[in-house]
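Here are the chains, one letter per residue:
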Amino acid sequence: GRLYLNKVFHISAARMFELLFTDSIFIRRFMNVRKITNASFTPWQKDASGNMKRTLNYTITISNPLIGKFSTATEHQTMYKESRDGHYLVDSEVYTHDVPYHDYFYTQNHYSIKSNSKRKCRLRVYTDVKYKKQPWGLIKSFITKNSWSGIEDYFRQLEAELLEEEVDINQGGGES
Ligand code: YK8
């Protein structure tokens, strides 16, 4: 896997969780910026093992004309039951349904939001491209290369938007 984001924000851990993993104004706006449309979220629900799960469906806009312009995607998120106020652990699996070779791979993201102090947290995101079946070598490197660049771009922008949100939160009368 690769570490795409590893940064301390002047945002509490609970607030960070809310921004990223609830139907927040922030995430709605971020999806708009990324041209992610038709988003629907199921509510968090406890599964048999005590973890929390939810599913997101959306349409992503792709800038690469070789791949196509849009793809529907499904994201399965699991928040581990070990998560509590100070430390949230969320895994997500993203399946893109309409890109070439979509039945060969998916993306796994590990999010860690760890409280640093009352008003600070560290956000880490690890990502891995996983293969359900082994494609021909050239195809595999094509998938991997295209995935990394798309993922890198996404998390670079997420970091930038979070930095703006951080300014807003810390100017806005300190209700963070
Ligand atoms: C989530 C990883 C791969 C995929 C894409 C696939 C190209 C396939 C190339 C062919 C389009 C929001 C990505 C970037 C779409 C977006 C996904 C996002 C950013 C020719 C073989 C969607 C995080 C996420 C994870 C994986 C990303 C896909 O919250 O290149």
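The structure under discussion appears in the preceding block.
Residues numbered from 1 in each chain as written. Predicted model: local features only at pLDDT ≥ 70, side-chain atom pairs only at ≥ 80, totals over all residues. Heavy atoms only, no water.

Engineer: Account for the packing of helix 1 (residues 13-21) against helix 3 (residues 137-171), with residues named and values stated.
Structural biologist: For the pair helix 1 and helix 3, interaxial distance at closest approach is 12 Å and the crossing angle is 130°. Comparing their axes, helix 3 and helix 1 come out oblique. Crossing of helix 1 over helix 3 shows right-handed handedness. Within the contact between the two elements, helix 1 uses R15, M16, L19 and L20 and helix 3 uses L158, L162, E165 and I169. Partitioning the contact of helix 1 with helix 3 into residue classes produces six nonpolar, no polar and two charged. (Axes fitted to C-alpha atoms, helices over the stretch in contact; angles between N-to-C directions. Helix = DSSP H or I, 4+ residues; strand = E, 2+ residues; numbered from the N terminus. Parallel < 35°, antiparallel > 145°, perpendicular 65-115°, else oblique. Left-handed = near helix turned anticlockwise from the far one by under 90°. Contact = heavy atoms within 4.5 Å. Nonpolar A, V, L, I, M, F, W, Y, C, P; charged D, E, K, R; others polar.)

Engineer: Tell me about helix 3, and name the residues and values.
Structural biologist: For helix 3, built from 35 residues, the straight-helix expectation of 51 Å at 1.5 Å per residue is met to within 8% by its first-to-last C-alpha distance of 51 Å. Among all positions of helix 3, only I139, I143, S147, W148, I151, F155, L158, E161, L162, E165, E166 and I169 are buried. (Expected span 1.5 Å × (residues − 1). Buried < 20%, exposed > 50% of the residue type's maximum accessible area, 1.4 Å probe, protein only.)

Engineer: Let's hear about unusual backbone geometry: which residues, and what values?
Structural biologist: Look at K35: it is not a glycine, yet its phi comes out positive at around 55°. When you line up the elements, K35 lands in the loop between helix 2 (25-33) and strand 2 (37-41). Within the chain, N38 stands out as a residue other than glycine whose phi angle is a positive 50°. With respect to the helices and strands, N38 occurs in strand 2.

Engineer: Kindly report on the site of the ligand, identifying the contributing residues and their values.
Structural biologist: Neighbouring the ligand are 17 residues; I60, E75, I143, N146 and Y154 lie closest to it. The separation between an oxygen atom of the ligand and a polar side-chain atom of E75 is 3.0 Å. A distance of 3.3 Å separates an oxygen atom of the ligand from a polar backbone atom of N146. If the ligand stood free it would expose 640 Å²; the protein chains cover 94% of that surface. In this structure the site holding the ligand corresponds to the largest pocket. Listing elements by their share of the shell around the ligand, those giving two or more residues are strand 4 (52-61), strand 7 (105-117) and helix 3. Element by element, the count of residues in the shell around the ligand is highest for helix 3, at seven residues. Of the residues contributing to the shell around the ligand, the split by class is 11 nonpolar, five polar and one charged. (Near = heavy atom within 4 Å. Polar contact = N/O pair within 3.5 Å; in protein donor to acceptor, adjacent residues only side chain to side chain. Areas by Shrake-Rupley, 256 points an atom, 1.4 Å probe, with all protein chains shown as cover. 1 Å grid on protein atoms, 1.4 Å probe; cavity = no way out; pocket = protein on both sides within 12 Å on 5 of 7 lines; lining within 4 Å. Sits in = over half its atoms within 2 Å of the grid points.)

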